[in-house]
Amino acid sequence: MAGLGYLIRRLATGIPLILGVTFISFLLMVYFGPDLSFELVGKNPTAEQIAAARAQLGYDQPFWVRYAAYLHEMVTFDFGRSVSTGQPVRGLLADAVPVSLALTLPGFVLGNLLGIALALLAAWHRGRWLDRSIMAFSVIGMSISFLIIIIVFQLLFSSRYGLNFFPVRGWDMSSPGAYLYYVTVPTLAIVFVSLGYNTRFYRAVFVEEVGRDHVRTARAFGAGAGIILWKYVLKNSLIPIITRVMFSIPSIVIAGSLLIESYFGIPGAGKLTFDAVTTGDQPVLKAVVSLTALMFVVVLIINDLLYRAVDPRVALT
Amino acid sequence: MSADRPHSLWSRAAQRFVRDRAGMVSAVVVLGYFLVALTVWLGLGGQDWGVLGSDSFAPVSAEHWFGTTRNGQDIFARTVYSTRTAFEIGLVVAVSSVVLGAVFGALSGFFAGSWLDEGILWLKGVLDAIPFFLFVVAVAYSLQGHPLAMHVAMIATFWTTTGRYVRGEVIKLKSMEFVEAARAVGVPQGAIIFRHILPNTSHILLVQGTLVFVTAIKAEVILSFLGLGVQDGVSWGLMISQSTNEVTAGFFNNFIAASLAMFVLVMAFNFFSDALQDALDPRKVSA
Amino acid sequence: MTAPLLSIEDLDLRFASDRGELHALHGVSLTVGEGEIVGLVGESGCGKSITAAAVMGLLPMPPARIAGGRIVYKGQDLLTLSDRAMRRIRGPEIAMIFQEPMTALNPVFTIGSQMSDVLCRHQRLSRRAARLKAIDWLNRVGIADAGARIDAFPHQLSGGMRQRVMIAMALSCRPRLLIADEPTTALDVTIQAQVLELMRTLVREEGVAMLLITHDLGVVAETCDRVHVMYCGRVVEQATTRALFAAPRHPYTRGLLECLPRIDGAAIGGRLPTIPGTVPELSKLPPGCAFAPRCPQVQADCEQAPPPVRALQADHLAACLHPVSAS
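Keep in mind the model is a prediction, meaning the values are calculated, not measured.

Asks: Which parts of the structure should I look at to understand the overall build of chain B?
Replies: Scanning chain B from N- to C-terminus turns up 11 helices and 0 strands. In terms of overall dimensions, chain B has a C-alpha envelope of 75 × 45 × 35 Å along the principal axes. For chain B, the proportion of its 287 residues judged to be buried stands at 52%. For chain B, contacts bridging at least 24 residues in sequence account for 70% of all contacts bridging at least 6. Accessible surface computed for chain B: about 12500 Å², of which carbon and sulfur atoms make up 65%. Taking the 18 positively charged and 19 negatively charged side chains of chain B as two groups, their mean positions are separated by 10 Å.

Okay, here's the thing in structure tokens:
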């Protein structure tokens, strides 16, 4: 079957990428990372104790052996237990990834939808005051640091200087009410920080599309702004939109929003990764990096398949 | 063609830029910031940023223009000194990553399709596949304690965009007449790439430089908050992360000073970069 | 004489640009009667496509700005219509065909879906009825196996076929006026004649008026009843096709005609003559007649002010102070 053959070929081309991502990450985080042997041994260790700890952590093996062992772990997706907490890595990830998704997804979706809507508006009124003001506000939004936005939003919504309604820290997804309670302020912050970038990106895409001959044809045949924008322009712009959305997925799932998670004390994947780097928790790091690389390749493939689905000119090769 | 194109491109771009009001205003603002940074470099201002005073949370006064921090440090001096830090980071990262991107992009484009191109594309793909903060955290951590760890991490990730644009442009340029001519008279390959082709991509490099500058300044704030940024000295990121404790206590001077100083510079730079792109490429679609 | 179907009166159009305002149309006037085929001829950049876009209300404003004049269709000034009212004109009243059949159709929808969209919009047909009607029209424009081709995407058709689809789409709206902007320029020479013939036949059958925009006088000779010649944003000559080809009065028109290869062999053995000089840039038009710098019979007064359009005979107008003699 052509589809299956294509899938296999595409997966094969993903292998160098996976190797590259894992190798560079491994080099940085594991090879150059902190030495944990002294945390395993007690005070005033003997030389034997240190050597035993190093052997236990695999430090006495040559680099290539350690990398190969890592690749083996990746294929079986079994990374053992976290050095710092002793819990199985798979369980840690299974707990953290859904939290990150639940935390960032609403803001990501809203930020993109709002950005697309504003960009359509701006592109249609290209060069007029509405376009100019939307673009000016985008640049202003892009100029505010995420950290500043988080601090200000916390002040506005979660402190006695503002509404003082939403929580400053913590996370709870046990009920929809609790979820809304904890997710609102982070979502607002994510929407705010991404809106400027999204609007600018999508406007550039739409302006190009609005300028195309087929849009002029549609107008010449009496189509109104609504149909042209929502049907023709949007469908013709699906490829850049899909690309942008798809390639954000690995960062959303893995990196989550490190900043939000650490500022709001939310136990997501971003915080898990950050803590793993700073404590040198190699099993967790290996798992995170593998997951990232795999997900990137999967995203590449799905992206390609989606291109084929939305654009009849793209042939299966 | 090779001699006359860049010249007319630049002079026409300069004309267009001068007529762009937002671009000119933002250029003046950026220049103002640069002058502030310069006075710090020359030792004429902001040198007292580290001096601890007895006066905790002093209000705005003639002595302390922006008040003081919890530790009694003069916020104005810290804000001014941080301008220098920002320019240091922005310039180092922007120049290095643009140079790196230009070299890799030019080689990749000139030898498009060869193993060298494949290798560089692979490296770009790999670097783009690692989420930015994960990578920066990893580099910053593996170079522990090194004051330039953050810079290295940013340079290593930021060059890829420049590289991609330069590669595309070089592929276009290498089939043009002036390159054919240079080849025909026996100019060596290295000279063709770096003396004949690369200068013709300088408009891309300039725009990319301004974009990287802004990205670097913004990344610094977040990295410093996470404890991976500026190691010694003071920066807007350090000021803001220091101020998070003060803000909850109701003292906003530190936060507002650093945020505003940074916001105005980044915004001016963004508008400046836009005006530059408009001037260099009037057909560009994003406003 | 009854009022013409379309009459453009003294249209003045400008574009904002980097180097100040560009004056694209300097008081252009032209008429198209019911069922009449009128040619609008000129070199690229003379403003003929802009004139067509202005009629359709397709110019981006800004940068374009209409500084004066009227575009009267069936007694109403199109320039004063609301966007909504204008949308009811585009398609069922005035339809348009474009130069580039490659890009004028939407690449991600089938031609059937694009034709049905138009039919559903203007004729309130059901999806099924619209599809049948679309197939019917595809047959009429000579597309073999229309029942299957209707589900093709534009990239699966040749350029000539795409242009036939455009013609089918335009005529299926049952317009009173068809504006065709260089409809055959992008096609292969052999296909050009077929498509032109098809358009002429269908337009006559349907009793539709046509404004045919082209740079090719040969196309005009084969197709049009009447011709307007444009140069640098002005109509410089207007006459019946027969009169114009028999005795061009404006030196520019004569120059254009002399550039045509002739079947009687007048130019055989030598190179085709060309008009010396180049078309001046819009921003650097001379104060007088725009053609004066290239005109073989220029005189001092030509460079004073743009010459007014004068009737030299009944139904033969030219904007020239010293027209070529009629004999």
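Now that the structure has been shown, the text picks up again.
Asks: How should the packing of aromatic side chains be read in this particular structure?
Replies: The description of an aromatic ring pair uses the distance of the two centres, along with the angle that the planes make with each other. Residues and elements named next belong to chain A. Using the criterion set out here, one finds 31 aromatic pairs over all chains in the structure. Aromatic side chains F166 and Y181 sit 6.3 Å apart centroid to centroid with 35° between the ring planes, which places their arrangement in the tilted category. Pair noted here: F166 is in the loop between α7 (146–158) and α8 (176–210) and Y181 is in helix α8, with a separation of 15 residues, a long-range link. On the numbers, 5.2 Å between centres and 75° between planes, the contact of Y181 with Y182 is edge-to-face. Judged by relative accessible area, which is 33%, Y181 ranks as partly exposed.

Asks: How should the interface of chain A and chain B be read in this particular structure?
Replies: How big an interface is tends to be expressed through the accessible area that disappears when the partners come together. In this complex, chain A contributes 45 residues to the contact, which on the side of chain B involves 43 residues. Summed over both sides, the interface between chain A and chain B buries roughly 3800 Å², with carbon and sulfur atoms accounting for 78% of that surface. Run the count over chain A and chain B and you get 1 salt bridge. We note a salt bridge from R200(A) to D274(B), for which the minimum N-O separation is 2.8 Å. Scanning the region where chain A abuts chain B turns up 5 residue pairs in polar contact (both at pLDDT 80 or more).

Asks: How should the nonpolar core be read in this particular structure?
Replies: Core analysis: the biggest nonpolar cluster contains 145 residues, and F146(A), I260(A), M154(B) and W236(B) have the highest contact counts within it. Among the elements that make up this core, the one with the highest residue count is helix α11 (residues 253–280) of chain B (16 residues). Three or more residues apiece are contributed to this core by two domains, here domain 1 (36–76) and domain 2 (94–270) of chain A. Grouped together as the second largest cluster of nonpolar side chains are 104 residues, L5(C), A104(C), V236(C) and L256(C) included.

Asks: What is the right way to read the sheet that holds strand β2 (residues 20–32) of chain C from this model?
Replies: The strands that make up a sheet are held in pairs by hydrogen bonds between backbone atoms, and each pair lies either parallel or antiparallel. Residues and elements named next belong to chain C. Strands sit in the order β2-β1-β4-β5 across an open sheet of 4 strands; the sheet is antiparallel. Strands at the two margins of the open sheet, each flanked by one partner only, are β2 and β5 (76–77). Strand direction decides the pairing type here: strand β4 (residues 64–73) and β5, joined by 2 bridges, are antiparallel. Note that in β5 the partner of V72 across the bridge is D77.

Asks: Help me out: how do you make sense of unusual backbone geometry in this one?
Replies: Note on backbone geometry: most residues besides glycine have negative phi, and most peptide bonds are trans. Residue and element names in this part refer to chain C. A positive phi angle, close to 55°, is found at R174, a residue other than glycine. Following the sequence through the fold, R174 ends up in the loop between α7 (159–172) and β7 (177–181). R174 gets classed as partly exposed once you look at its relative accessible area, which sits at 46%.

Asks: Help me understand the side chain of R294(C), please; the structure alone is not making it clear to me.
Replies: Residues and elements named next belong to chain C. Mapping R294 onto the fold places it in the loop between α11 (251–258) and β11 (310–313). R294 gets classed as buried once you look at its relative accessible area, which sits at 8%. At 3.1 Å, the side chain of R294 forms a polar contact with the side chain of Y231. Dropping the residues within four chain positions of it, R294 is found in contact with E43, Y231, I275, P276, G277, T278 and V279.

Asks: Hey, could you run me through helix α5 (residues 127–140) of chain C in this one?
Replies: For the α-helix, the turn length of 3.6 residues means that residues three or four positions removed from each other point alike. Residue and element names in this part refer to chain C. With 14 residues, α5 should cover 20 Å at 1.5 Å per step; its first-to-last C-alpha distance of 20 Å lies within 8% of that length. The complete set of buried residues in α5 reads A130, A134, I135, W137 and L138. Within α5, the buried residues cover an arc of 165° as seen down the axis, which keeps them to one side. Exposed positions of α5 whose direction lies more than 90 degrees from the buried face are R128 and L132. Where α5 is buried, its residues touch α4 (111–123), α6 (146–149), α7 and α8 (189–206).

Asks: When you look at helix α13 (residues 269–279) of chain A in this model, what are you seeing that I'm missing?
Replies: Within the sequence span of α13(A), burial applies to A269(A), G270(A), L272(A), T273(A), F274(A), A276(A) and V277(A). Downstream of α13(A) by one or two residues, G280(A) has phi in the positive range, about 70°.

Asks: Got a minute to help me understand the sheet that holds strand β8 (residues 209–214) of chain C in this structure?
Replies: Residue and element names in this part refer to chain C. Overall, mixed pairing links the 8 strands, which are arranged β6-β7-β8-β3-β9-β10-β12-β11 in an open sheet. Each edge of the sheet is formed by a strand with only one pairing partner; in this case those strands are β6 (94–97) and β11. Ignoring strand direction, the axes of neighbouring strands in this sheet form an average angle of 20°. In this structure, strand β3 (residues 37–41) lies alongside strand β9 (residues 226–231), joined through 4 bridges in parallel fashion. Paired with V38 across the two strands is R226, which belongs to β9. Set on the sheet, α8 makes contact with β3, β6, β7 and β8; between it and β3 the angle comes to about 140°.

Asks: Sorry, what's going on with the packing of helix α3 (residues 75–110) of chain B against α11(B) here?
Replies: Packed helix pairs are specified by the crossing angle of their axes together with the interaxial distance, meaning the distance between the axes. Residue and element names in this part refer to chain B. The contact between α3 and α11 brings their axes to 10 Å, and the two run at 35°. Crossing hand, α3 versus α11: right-handed. Across the interface between the two elements, I75, T79 and F87 from α3 touch N253, N254, A257, A261 and L265 from α11.

Asks: What's the story with the pairing of β6(C) in this structure? I'm lost.
Replies: Two faces make up the sheet, and in a regular strand the side chains alternate between them. All names here are of chain C. Residues of β6 alternate between two faces, with I94 and M96 on one and A95 and I97 on the opposite face, all of them buried. Pairing between β6 and β7: 4 bridges, direction parallel. Looking at the pairing, A95 lines up with L178 of β7.

Asks: How do you make sense of the confidence of the model for chain B when you look at a structure like this?
Replies: Detail in the predicted coordinates should be disregarded across regions flagged by low pLDDT. Averaged over every residue, the pLDDT of chain B is 83; the share at 70 or more is 92%. When mean pLDDT is taken per element in chain B, α3(B) scores highest with 91 and helix α1 (residues 4–19) of chain B scores lowest with 72.

Asks: How do you make sense of the pairing of strand β10 (residues 234–240) of chain C when you look at a structure like this?
Replies: Residue and element names in this part refer to chain C. Burial analysis of β10 places 5 of its 7 residues in the buried class, the great majority of the element. Here β9 runs beside β10; their pairing, made up of 6 bridges, is antiparallel. Its bridge partner lying in β10, H228 is registered against Q238. Hairpin connection, β9 to β10: the antiparallel pair is bridged by 2 residues, and C232 has positive phi, about 50°. Sheet analysis places β10 next to strand β12 (residues 316–318), joined by 3 bridges and oriented antiparallel.

Reading the values: the criteria
Residues numbered from 1 in each chain as written. Chains lettered and ligands numbered in written order. Predicted model: local features only at pLDDT ≥ 70, side-chain atom pairs only at ≥ 80, totals over all residues. Heavy atoms only, no water. Helix = DSSP H or I, 4+ residues; strand = E, 2+ residues; numbered from the N terminus. Buried < 20%, exposed > 50% of the residue type's maximum accessible area, 1.4 Å probe, protein only. Contact = heavy atoms within 4.5 Å. Areas by Shrake-Rupley, 256 points an atom, 1.4 Å probe, with all protein chains shown as cover. Lys, Arg positive; Asp, Glu negative; His and termini not counted. Charge placed at Lys NZ, Arg CZ, Asp CG, Glu CD. Phe/Tyr/Trp six-rings, centres within 6.5 Å; stacked < 30°, edge-to-face > 60°. Buried area = accessible area lost by both parts, 1.4 Å probe. Salt bridge = Lys/Arg side-chain N within 4 Å of Asp/Glu carboxyl O. Polar contact = N/O pair within 3.5 Å; in protein donor to acceptor, adjacent residues only side chain to side chain. Core = buried A, V, L, I, M, F, W, Y, C linked by side-chain atoms within 4.5 Å. Domains from an automatic or database assignment. Pairing = 2+ DSSP bridges. Expected span 1.5 Å × (residues − 1). Arc of directions from axis to C-beta. Axes fitted to C-alpha atoms, helices over the stretch in contact; angles between N-to-C directions. Left-handed = near helix turned anticlockwise from the far one by under 90°. pLDDT = per-residue confidence, 0-100.

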